[in-house]
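Each chain is listed here by its residues.
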Number of protein chains: 6
Amino acid sequence: MLRLAISSLLKRLPAQKALAHCDGPCGVYDPASARISAEAVLSMTKKLLALTPPEGKDSSEWATYNNTFSRFVAVKEEQAQETKKELLILWTDYFKPEHLASFPDLHDTFWKAAKLCSACKVNIDQSKTEELMAAVEKVHHMFWKSKGRSDSWTTAS
Amino acid sequence: MLRLAISSLLKRLPAQKALAHCDGPCGVYDPASARISAEAVLSMTKKLLALTPPEGKDSSEWATYNNTFSRFVAVKEEQAQETKKELLILWTDYFKPEHLASFPDLHDTFWKAAKLCSACKVNIDQSKTEELMAAVEKVHHMFWKSKGRSDSWTTAS
Amino acid sequence: MLRLAISSLLKRLPAQKALAHCDGPCGVYDPASARISAEAVLSMTKKLLALTPPEGKDSSEWATYNNTFSRFVAVKEEQAQETKKELLILWTDYFKPEHLASFPDLHDTFWKAAKLCSACKVNIDQSKTEELMAAVEKVHHMFWKSKGRSDSWTTAS
Amino acid sequence: MLRLAISSLLKRLPAQKALAHCDGPCGVYDPASARISAEAVLSMTKKLLALTPPEGKDSSEWATYNNTFSRFVAVKEEQAQETKKELLILWTDYFKPEHLASFPDLHDTFWKAAKLCSACKVNIDQSKTEELMAAVEKVHHMFWKSKGRSDSWTTAS
Amino acid sequence: MLRLAISSLLKRLPAQKALAHCDGPCGVYDPASARISAEAVLSMTKKLLALTPPEGKDSSEWATYNNTFSRFVAVKEEQAQETKKELLILWTDYFKPEHLASFPDLHDTFWKAAKLCSACKVNIDQSKTEELMAAVEKVHHMFWKSKGRSDSWTTAS
Amino acid sequence: MLRLAISSLLKRLPAQKALAHCDGPCGVYDPASARISAEAVLSMTKKLLALTPPEGKDSSEWATYNNTFSRFVAVKEEQAQETKKELLILWTDYFKPEHLASFPDLHDTFWKAAKLCSACKVNIDQSKTEELMAAVEKVHHMFWKSKGRSDSWTTAS
């Protein structure tokens, strides 16, 4: 039992030291940033799936359809990029070598989440955006667990 | 009359003090920045309204139409965003509490102008872009009046 | 009483219509974005206040001090700018004319909050950053109230 | 004389054709953008020259000096970059081969102006920023002459 | 022969002095940056030319076509802009007045290359992108010659 | 032996399929982008180490020192960020699950390289920048090996 106590103590120590070497000067990390942009990707994907091209050749109907479509794709693209950026900040700056013990699938989790961001850009695919939301939720729980907190998962919409 | 003179004197004093606390370190404000991008929004909107989708299914005609349409929407979007940004710099950094006496509709003017920028993004609507130009012209006159100048309104095109 | 019921009904109707005209195509708004960057401003300000210039003329000590100082100021600047941007998105895109009835100090609240962002850039002033945090918390409560939710205020650090 | 008339006619024709092929889709060019940022460079340079380092070792005095210095350098840098960008948009997008006849020193004017932007970044040198203002004024006159207008040169400060 | 030796010596000297005054503080210039983005422009242009609009009115087929088309145009635009930016860094910051003797067509080369970047944005035109690649290759050889190296031209794809 | 041949064949097949699903629409990847910015980080670090603060209290000497120091730190910061961004594009978009067989240390290599980018921001430490150059060189060799090429490692300076 002493062994266990020591080992758990040792596990905490390097983490605290790591915080001291933390390169993100502000030290404020929050997976909510990734969650908010992932929600936007999901929302844009649904809105894009609901759009229908005009029946005829009316210029003004095509203009409305194309203006909306173009803007929605651009927002989806930008927000998927933002989600990827926010996830990679957590992976490269927040998580430290000593976290690998608690989260042996750390690299794989982030790699797949980043690839899902790309997939949401390439396609208009609601199931991919839902997989992305699930990946961000997994990161949310890993992150707060590593901080010794258990913040619940809430979304804006 | 003395009272009036003193009151007008007092009105000027806080404004000068305000300049000394000005947070925009360069202190160079010019509503021409908002005007130039609003002109671009107007120009793009007109050009978008003039585009017509191809009659048939020719890939290369559709490519030309879509390339031009996509770029024009992106420029309209970016320039409407730029107009909003430049307007909000004036509202948040240049205008000070003491200006509210001379311009009691200050907040409302900027709020509506900012919302017009958004409306020009959502739609391809020439009358909205003309309303935006009028809003920017109103800001131009408020701004130069607050500086004791009366620069005339000229556009690039 | 019927009158009251109708009036409260009418109040809700325009709000729903407004959502339909919402210009932010994704419709995902969350004041957490402003809160996260405001926390970073507070953190950087505290860290800047804790830095001390080297005693002597040692180049390498000055290099360390200046490198850290320069980076911290840049992050404070960027995060204060981000806070302002996120607040103004809520003011210009989320809040609609019908919200003015419930929040008559809407414009004033956002104007002061935006000016606090600027003040946090100009100075290294912990009390200003705490005022900014309070302003963002006020916006948090206004926002969720307007959505009929009462999400509690939690911070990352 | 007929020859001269024809040649001057021909000179105008390609210019008009060129406008039709103009790649800047909005077609709105205005040297005021370069002028506003060049004014900011001049303003920041003057403000930097007026700063003095603290006498002693007081941390808080050094913090104030360094915060202000760092921010002013960053704004000078950004605005000099912006001036260069706006000048190069005119050089690469607005001016066309047929303008070379009227402005044989076109390339040299822009090359030197761009290099002045860099010089204003490298140094805190008021005479360089005044040379930059003069270069931007020269571009202003070339530009409006090429459009058949003679807008006067006014500055914001 | 002595004359030739001296002249070649003199040619080298100002160049070395110029490097000492170099305004790009890092002094690391590499035309590979322009080449990589020009390759991306070429690749996107080919991919855009290969896209065909759907035969019928199927919403989901149009969504796929439009999502892909919109993204490809945006990447072409961004990469053509990046190519222009990288070329102009070489023109305004790396090349110095003393290089004009060895490269009398320096200005013309960069002006035409910059205009080709714009042409690649306006059109979906493979021959223009190939002209751009040739222009970037010319710059590559000028650049390495000016450094006394003769790096061969290799592409990523 | 047949088994080996088939297995090596299978290894190649998914890789080709993967390219077809590649999310980076242009498909142009080149580790030279990461190398160029890493060289800039190394160069700025050396230049920062060579700077010395003024002996006395002369405002203008301090202004020169601070202007140069501030700019060099900003460029170091920006280029380290750029290096990280370019590395992570390779990790998240270019490398596919089937590459893990050939490069079992793929994740670890990129994680450490990304963390080195951060370390080069936090410190002015030449040995860290040299470790970063080595990490980028390792990525260079992994990348070209995965493409079946063996491009040699050359630097710009």
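Just so you know, the residues in each chain are numbered from 1, in the order the chain's sequence is written. Just so you know, chain letters begin at A and ligand numbers begin at 1, following the order they were written in. It should be noted that, the model being predicted, local features are given only for residues of pLDDT at least 70 and side-chain atom pairs only at 80 or more, the latter also being counted only at that level, while totals for whole chains, interfaces and linings use all residues. In computing side-chain properties, one takes all heavy atoms of the structure into account and sets aside hydrogens as well as water.

## Thoughts on the overall build of chain A
Alright, step 1. Helix and strand definitions here come from DSSP, where helices need a minimum of 4 consecutive H or I residues and strands a minimum of 2 consecutive E residues; each element is numbered from the N-terminal end. Counting its regular elements, chain A contains 6 helices and 0 strands.
Alright, step 2. Written out in order from the N terminus, the α and β elements of chain A read α-α-α-α-α-α.
Alright, step 3. Residue pairs at least 24 apart in sequence account for 70% of intrachain contacts in chain A once pairs closer than 6 positions are excluded. Residue contacts are counted whenever heavy atoms from the two residues lie within 4.5 Å of one another.

## Points about the confidence of the model for chain A
Alright, step 1. Residues at a pLDDT of 70 or more form 85% of chain A, whose mean pLDDT is 88.
Alright, step 2. Reported confidence for the predicted complex is 0.84 by ipTM and 0.88 by pTM. Every residue gets a pLDDT, meaning the predictor's confidence in that residue, from 0 to 100.

## A short note on the relation of the copies chain C and chain D
Alright, step 1. Copies overlap after least-squares fitting; the atoms used are the C-alpha atoms of residues with pLDDT of at least 70 in both. Superposing chain C onto chain D takes a rotation of 120° plus a shift of 0.0 Å along the axis, which leaves an RMSD of 0.0 Å. The two molecules are tied by a three-fold rotation axis, judged by turn and shift. Distance from the rotation axis, computed per C-alpha, reaches its smallest value in chain C at Ser70 of chain C: 3.7 Å.
Alright, step 2. Mapped onto chain D, only 17% of the interface residues of chain C again fall at the interface, so the copies present different surfaces.

## Here we look at the side chain of Ser43 of chain B
Alright, step 1. Structurally, the position occupied by Ser43 of chain B is in helix H2 (residues 32-49).
Alright, step 2. Here Cys26 of chain D takes part through its backbone oxygen, which lies 2.6 Å from a polar atom of the side chain of Ser43 of chain B.
Alright, step 3. For Ser43 of chain B, the contacting residues outside a window of four places in its chain are Cys26 and Val28 of chain D. The term polar contact refers here to a pair of N or O atoms within 3.5 Å; inside protein, the definition further demands a hydrogen-donor-capable atom paired with an acceptor-capable atom, and it admits residues adjacent in sequence only when both atoms are side-chain atoms.

## Re the packing of helix H3 (residues 59-94) of chain C against helix H6 (residues 126-146) of chain C
Residues and elements named next belong to chain C.
Alright, step 1. Comment: axis = line fitted to C-alpha atoms, over the contacting stretch for helices; angle = value between 0 and 180 degrees taken between N-to-C directions. Following both chains from N to C, one finds H3 and H6 inclined at 30°, their axes separated by 12 Å at the closest point. For the element pair H3 / H6, the angle class is roughly parallel. Of the two elements, H3 crosses H6, and the hand of that crossing is left-handed. Residues Thr83, Leu87, Leu90 and Tyr94 of H3 form the contact with H6, whose own contacting residues are Leu132, Val136, Val139, Phe143 and Ser146.
Alright, step 2. Under the scheme applied, nonpolar residues are Ala, Val, Leu, Ile, Met, Phe, Trp, Tyr, Cys and Pro; charged residues are Asp, Glu, Lys and Arg; polar residues are all the others, including Gly. Looking at side-chain class alone, the contact of H3 with H6 contains 7 nonpolar, 2 polar and no charged residues. Throughout, the term roughly parallel applies to angles under 35 degrees, roughly antiparallel to angles over 145, roughly perpendicular to angles from 65 to 115, and oblique to all others. The crossing is said to be left-handed when, going from far helix to near helix, the turn is anticlockwise and less than a right angle, and right-handed when the turn is clockwise.

## Structural notes on the pattern of salt bridges
Pairing of side chains with opposite charge becomes possible as their charged atoms draw close.
Alright, step 1. Every case where a carboxyl oxygen of Asp or Glu lies within 4 Å of a side-chain nitrogen of Lys or Arg is listed as a salt bridge. Counted by the stated rule, this structure contains 54 salt bridges over all chains.
Alright, step 2. Its salt-bridge partner being Arg35 of chain A, residue Asp30 of chain C comes within 2.8 Å of it at the nearest N-O pair. Placement of the pair is Asp30 of chain C in the loop between helix H1 (2-21) and helix H2 (32-49) and Arg35 of chain A in helix H2 (residues 32-49), with the two residues belonging to separate chains. For the pair shown, Asp30 of chain C and Arg35 of chain A are each scored as buried. Relative accessibility under 20% of the residue-type maximum defines a buried residue, over 50% an exposed one, and the middle range a partly exposed one, all with a 1.4 Å probe and only protein chains included.

## Focus on the side chain of Asn67 of chain A
Alright, step 1. Summarising the element assignment, Asn67 of chain A is placed in helix H3 (residues 59-94).
Alright, step 2. Of note is the side chain of Asn67 of chain A, whose polar atom sits 3.3 Å from the side chain of Lys76 of chain B.

## With respect to the packing of helix H2 (residues 32-49) of chain E against helix H3 (residues 59-94) of chain E
Residue and element names in this part refer to chain E.
Alright, step 1. Where H2 meets H3, the axes come as close as 8 Å, and the angle between the chain directions of the two elements is 155°. Judged by the angle between their axes, H2 and H3 are roughly antiparallel. Our pair here, H2 against H3, has a crossing hand that is left-handed. Facing Ser33, Ala34, Ser37, Ala38, Ala40, Val41, Met44, Thr45, Lys47 and Leu48 of H2, the residues of H3 in contact are Phe69, Phe72, Val73, Val75, Lys76, Gln79, Ala80, Glu82, Thr83, Glu86 and Leu87.
Alright, step 2. Split into classes, the residues belonging to the contact of H2 with H3 amount to 12 nonpolar, 5 polar and 4 charged.

## Regarding the interface of chain C and chain D
Alright, step 1. Contacts between the two partners involve 18 residues from chain C and, on the opposite side, 8 residues from chain D.
Alright, step 2. Put simply, buried area is how much 1.4 Å-probe accessible surface two parts lose in total, over both of them, once they are put together. Across the interface of chain C and chain D, roughly 1,000 Å² is buried in total on both sides, 51% from carbon and sulfur atoms.
Alright, step 3. In this structure, Glu77 of chain C and Arg71 of chain D form a salt bridge, with 2.9 Å as the shortest nitrogen-oxygen distance.
Alright, step 4. Remark: the boundary between chain C and chain D carries 9 residue pairs in polar contact (both at pLDDT 80 or more).
Alright, step 5. Sorting the residues of the side of chain C that touches chain D by element identifies H3 and helix H5 (106-122) of chain C as the ones contributing at least two each.
Alright, step 6. Of all the elements, H3 of chain C adds the most residues to the side of chain C that touches chain D, at 8 residues.
Alright, step 7. When the residues that make up the side of chain C that touches chain D are grouped by side-chain class, the tally is 9 nonpolar, 5 polar and 4 charged.

## Focus on the relation of the copies chain C and chain A
Alright, step 1. Placing chain C over chain A gives an RMSD of 0.0 Å and needs a rotation angle of 180°, together with 0.0 Å of translation along the axis. Look at the turn and shift together and you get a two-fold axis relating the two. Identified as the residue of chain C closest to the rotation axis by C-alpha distance is Ser33 of chain C, at 3.2 Å.
Alright, step 2. The share of interface residues of chain C whose copies in chain A are also at the interface is 100%, consistent with both copies meeting through the same surface.

## Topic: the packing of aromatic side chains
Alright, step 1. Only centres within 6.5 Å qualify two rings of Phe, Tyr or Trp (six-membered ring in Trp) as a pair; their planes then separate them into stacked at under 30 degrees, edge-to-face at over 60, and tilted for everything else. With the rule as written, the count across this model stands at 63 aromatic pairs over all chains.
Alright, step 2. Where Tyr94 of chain B meets Phe143 of chain B, the ring centres are 4.7 Å apart and the plane angle is 55°; that geometry is what we call tilted. With Tyr94 of chain B in helix H3 (residues 59-94) and Phe143 of chain B in helix H6 (residues 126-146), the pair connects residues that are 49 residues apart, well separated along the chain. Accessibility assignment for this pair places Tyr94 of chain B and Phe143 of chain B in one class, buried.
Alright, step 3. Of the aromatic side chains, those joined through ring pairs into one cluster are Trp62, Tyr65 and Phe69 of chain A, Trp62, Tyr65 and Phe69 of chain B together with Trp62, Tyr65 and Phe69 of chain E.

## Concerning H3 of chain B
All names here are of chain B.
Alright, step 1. Helix span, expected: 1.5 Å multiplied by one less than the number of residues in the helix. Taking 1.5 Å as the rise per residue, H3 with 36 residues should run 52 Å; its terminal C-alpha atoms sit 51 Å apart, in good agreement.
Alright, step 2. Burial of H3 is extensive: 26 of the 36 residues sit out of reach of the surface.
Alright, step 3. Where H3 begins, the capping side chain belongs to Asp58, and its oxygen is found 3.2 Å from the backbone nitrogen of Ser60.

## Comments concerning the nonpolar core
Alright, step 1. Within the largest apolar cluster, 270 residues are counted, with the highest numbers of intra-cluster contacts made by Phe95 of chain A, Phe95 of chain C, Phe95 of chain D together with Phe95 of chain F.
Alright, step 2. Setting aside its immediate chain neighbours within four residues, Phe95 of chain D contacts Leu90, Phe103, Leu106, Phe110, Met142, Phe143 and Ser146 of chain D together with Trp111 and Lys115 of chain E. In these notes, a set of buried Ala, Val, Leu, Ile, Met, Phe, Trp, Tyr and Cys residues joined through side-chain atoms within 4.5 Å is what counts as a nonpolar core.

## Let's talk about the interface of chain C and chain A
Alright, step 1. Taken together, the contact pairs 25 residues of chain C with 25 residues of chain A.
Alright, step 2. Between chain C and chain A lies a buried interface of about 1,800 Å² when both sides are counted; carbon and sulfur atoms form 58% of it.
Alright, step 3. Inspection of the chain C/chain A interface yields 2 salt bridges.
Alright, step 4. Summed over the shared surface of chain C and chain A, the number is 8 residue pairs in polar contact (both at pLDDT 80 or more).
Alright, step 5. Among the secondary structure elements, those contributing two or more residues to the side of chain C that touches chain A are H2 and H3 of chain C.

## Some words on H2 of chain C
Alright, step 1. In this model, H2 of chain C (18 residues) spans 26 Å end to end at C-alpha, consistent with the 26 Å of a helix rising 1.5 Å per residue.
Alright, step 2. Most of H2 of chain C sits out of view: 15 of its 18 residues are buried.

## A few points about the state of the cysteines
Alright, step 1. By definition, disulfides here are pairs of cysteine sulfur atoms that lie within 2.5 Å. Inspection of the entire model under this criterion finds 0 disulfides over all chains.
Alright, step 2. Sulfur of Cys120 of chain C: no disulfide; nearest cysteine sulfur belongs to Cys117 of chain C and is 6.8 Å away.

## A few points about the environment of Thr109 of chain A
Alright, step 1. Looking at where Thr109 of chain A falls in the secondary structure, it is placed in helix H5 (residues 106-122).
Alright, step 2. Apart from the residues lying within four places of it in its own chain, the contact partners of Thr109 of chain A are Lys138, Val139 and Met142 of chain A.

## Focus on the environment of Leu132 of chain D
Alright, step 1. Along the chain, Leu132 of chain D turns up in helix H6 (residues 126-146).
Alright, step 2. For Leu132 of chain D, the residues in contact, after removing those within four places along its chain, are Ala38, Thr83, Ala113, Leu116, Cys117 and Cys120 of chain D.

## Considering the environment of Thr129 of chain A
Residues and elements named next belong to chain A.
Alright, step 1. By secondary structure assignment, the location of Thr129 is in helix H6 (residues 126-146).
Alright, step 2. The buried category is assigned to Thr129, whose relative accessible area is 2%.
Alright, step 3. A C-alpha to C-alpha distance of 23 Å links Thr129 and Thr92, two positions 37 residues apart in sequence.
Alright, step 4. Excluding residues that lie within four positions of it along the chain, Thr129 makes contacts with Val41, Leu42, Thr45 and Cys120.

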